[in-house]
Amino acid sequence: MFFDFGLKDIIDIVLVAFALYYIYRLMRASRSLNVFTGILIFVVIWLFVSQIMEMRLLGSILDKLVSVGVIALIVIFQDDIRKFLYNLGAHQRIRSLMKLFSSKSDSGKDVKAVIMPVVMACMSMGKNKVGALIVMQRTMPLDDIVRTGEEVDSRISQRLIENIFFKNSPLHDGAMIIVDRRIKAAGCILPVSHDLDIPKELGLRHRSALGVSQESDAIAIVVSEETGGISIAMRGQFRLNLSAEELERILTQELS
């Protein structure tokens with residue numbers, strides 16, 4: 001036989017196939033599928049030239065292109081790579097394992113002190129159809145987003161939240177950032193999601209909420225100015241038209 005083929009080789013092939021399939025899904029979601037196809041074609045040509053045909057001159061040129069191309073791909077797809085690493089770290093089993101080694105824990109009373117003013121303010125603003133966008137930081141810091149707005153650094157209160165998002169307030173168009181049980185900043189600019197699956201009736205606030213939830217583990221709460229409906233974006237997914245009880249339950253579960 002020309003080579004030995006064992007269990008280790010089968011596992012190797014399965015892992016490579018799984019990695020290629022995951023990269024394919026990631027590229028398709030980011031509308032970079034043509035680039036992924038081009039990379040695969042180049043790799044096949046490189047292997048054919050250098051390994052099968054053993055063309056040393058052309059093979060060495062392609063080897064140099066591959067070594068430089070890896071750095072270029074990291075620069076081009078830095079957002080996709082960051083999203084992949086975030087999804088890996090945000091996996092439920094990984095998060096559960098990290099909690100075992102974490103000494104920091106929030107009591108139910110502390111969580112309620114953060115959640116209830118937010119819930120009450122959202123319900124009041126929804127009733128009066130006042131648009132709002134509130135982002136609650138979790139493990140990933142949002143310092144770059146905080147710097148785009150005005151620093152507040154105040155304790156969380158229902159009246160303050162409603163005053164910030166009052167229609168005549170200069171900060172009502174941006175996002176409020178809550179960090180460590182305090183309102184850190186307001187009027188902040190969020191990354192906008194360009195996903196094509198977002199319903200057309202959802203506006204810029206919803207796209208911004210989804211964008212920050214895709215690039216971090218933050219929780220974004222949206223109050224619609226048109227309908228008064230309350231929605232949550234987290235882990236790149238929407239939960240639309242929530243009641244006060246559902247909003248409180250989700251925040252308590254995610255922040256505890």
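All of the points below concern the structure found in this document. (Residues numbered from 1 in each chain as written. Predicted model: local features only at pLDDT ≥ 70, side-chain atom pairs only at ≥ 80, totals over all residues. Heavy atoms only, no water.)

### Observations concerning the pairing of strand 3 (residues 175-179)
For step 1, the next point in the chain: Burial within strand 3 is extensive, with five of its five residues counted as buried.
For step 2, the next point in the chain: Side-chain alternation along strand 3 places A175, I177 and V179 on one buried face and M176 and I178 on a second face that is also buried.
For step 3, the next point in the chain: Taken together, the three bridges between strand 1 (residues 132-136) and strand 3 define a ladder with parallel strand orientation. Each bridged residue has a counterpart across the sheet, and for I134 the counterpart in strand 3 is M176.
For step 4, the next point in the chain: Direction of pairing for strand 3 relative to strand 4 (residues 182-188): antiparallel, over a ladder of four bridges. Looking across to strand 4, one finds that V179 is bridged to R182.
For step 5, the next point in the chain: If you look at the hairpin formed by strand 3 and strand 4, you'll find two residues sitting between the two strands, and D180 has a positive phi there, around 50 degrees. (Buried < 20%, exposed > 50% of the residue type's maximum accessible area, 1.4 Å probe, protein only. Helix = DSSP H or I, 4+ residues; strand = E, 2+ residues; numbered from the N terminus. Pairing = 2+ DSSP bridges.)

### Looking at the pairing of strand 4
For step 1, the next point in the chain: Across four bridges, the pairing between strand 2 (residues 150-155) and strand 4 is antiparallel. Paired with S154 across the two strands is I183, which belongs to strand 4.

### As for the environment of I156
For step 1, the next point in the chain: One can find I156 in the loop between strand 2 and helix 8 (158-164).
For step 2, the next point in the chain: When the C-alpha positions of I156 and P117 are compared, they lie 6.8 Å apart, and in sequence the two are 39 residues distant.
For step 3, the next point in the chain: In contact with I156, other than residues within four places in its own chain, are V114, P117, V118, I161, I178, R181, R182 and I183. (Contact = heavy atoms within 4.5 Å.)

### Focus on the sheet that holds strand 6 (residues 230-234)
For step 1, the next point in the chain: Spatially, the seven strands line up as an open sheet ordered 2-4-3-1-5-6-7, and their pairing is mixed. The open sheet has two edge strands with one neighbour each: strand 2 and strand 7 (237-239). Adjacent strand axes in the sheet meet at a mean angle of 20 degrees, parallel and antiparallel pairs treated alike.
For step 2, the next point in the chain: In this fold helix 9 (residues 204-215) packs onto strand 1, strand 5 (219-223), strand 6 and strand 7, with an angle of close to 175 degrees to the strand it touches most, strand 5. (Axes fitted to C-alpha atoms, helices over the stretch in contact; angles between N-to-C directions.)

### Let's talk about the side chain of S216
For step 1, the next point in the chain: Mapped onto the elements of the fold, S216 is located in the loop between helix 9 and strand 5.
For step 2, the next point in the chain: The class for S216 is buried, based on a relative accessible area of 3%.
For step 3, the next point in the chain: Here the side chain of S216 touches V212 through a polar contact of 2.7 Å, landing on its backbone oxygen. (Polar contact = N/O pair within 3.5 Å; in protein donor to acceptor, adjacent residues only side chain to side chain.)

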